[in-house]
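# Structure at a glance
Each chain, letter by letter, is given below.
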Amino acid sequence: MLSAIITWLSSTAGKTVAKWSVVMATAAAIYWRIYESGRNAEKAAEAQRDATATEKRKTIDEKVDRMPDAAVRDQLARWVRKDV
């Protein structure tokens with residue numbers, strides 16, 4: 001069985017198939033590297049957005065903590081509908 005495969009690969013058709021297989025495998029590997037690079041870049045960008053949002057949330061929380069209770073109620077009243 002192995003000798004039949006080696007014989008076929010050493011024929012003209014076998015060499016052509018082997019060469020094209022290498023070309024296709026190389027192209028697939030290159031595509032995969034580009035795909036993963038883009039995926040990793042998006043993950044990094046998402047992590048940066050999350051860090052920015054967390055920092056903004058902390059800043060707002062600190063600001064609210066420093067506000068008097070009446071001012072907090074006034075701010076929250078802006079978000080409540082009056083028609084109910």
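Residues numbered from 1 in each chain as written. Predicted model: local features only at pLDDT ≥ 70, side-chain atom pairs only at ≥ 80, totals over all residues. Heavy atoms only, no water.

## Notes on the overall build of the chain
Secondary structure summary: the chain contains three helices and zero strands in total. Ordered by position in the sequence, the α and β elements of the chain form the string α-α-α. Its C-alpha atoms give the chain a radius of gyration of 31 Å, more than 25% over the compact-globule value 12 Å for 84 residues. With the C-alpha coordinates of the chain rotated into their principal frame, the extents come out at 90 × 30 × 20 Å. Burial status across the chain gives 2% buried among its 84 residues. (Helix = DSSP H or I, 4+ residues; strand = E, 2+ residues; numbered from the N terminus. Rg over C-alpha atoms; globule rule 2.2 N^0.38 Å. Buried < 20%, exposed > 50% of the residue type's maximum accessible area, 1.4 Å probe, protein only.)

## Structural notes on the confidence of the model for the chain
Averaged over every residue, the pLDDT of the chain is 91; the share at 70 or more is 99%. Of all secondary-structure elements in the chain, the lowest mean pLDDT belongs to helix H1 (residues 2–9), at 79, while helix H2 (residues 12–66) reaches the highest, 95. (pLDDT = per-residue confidence, 0-100.)

## Regarding the packing of aromatic side chains
Two aromatic rings, taken as a pair, are described by how far apart their centres are and by the angle between their planes. The final tally for this structure, using the stated rule, is two aromatic pairs. Note on Tyr-31 and Tyr-35: the rings are 6.3 Å apart at their centroids and 20 degrees apart in plane angle, and the pair reads as stacked. Note that Tyr-31 and Tyr-35 are positioned in helix H2 at a spacing of four residues, about one turn of the helix. Of the residues examined, Tyr-31 reaches a relative accessible area of 56% and is grouped as exposed. (Phe/Tyr/Trp six-rings, centres within 6.5 Å; stacked < 30°, edge-to-face > 60°.)

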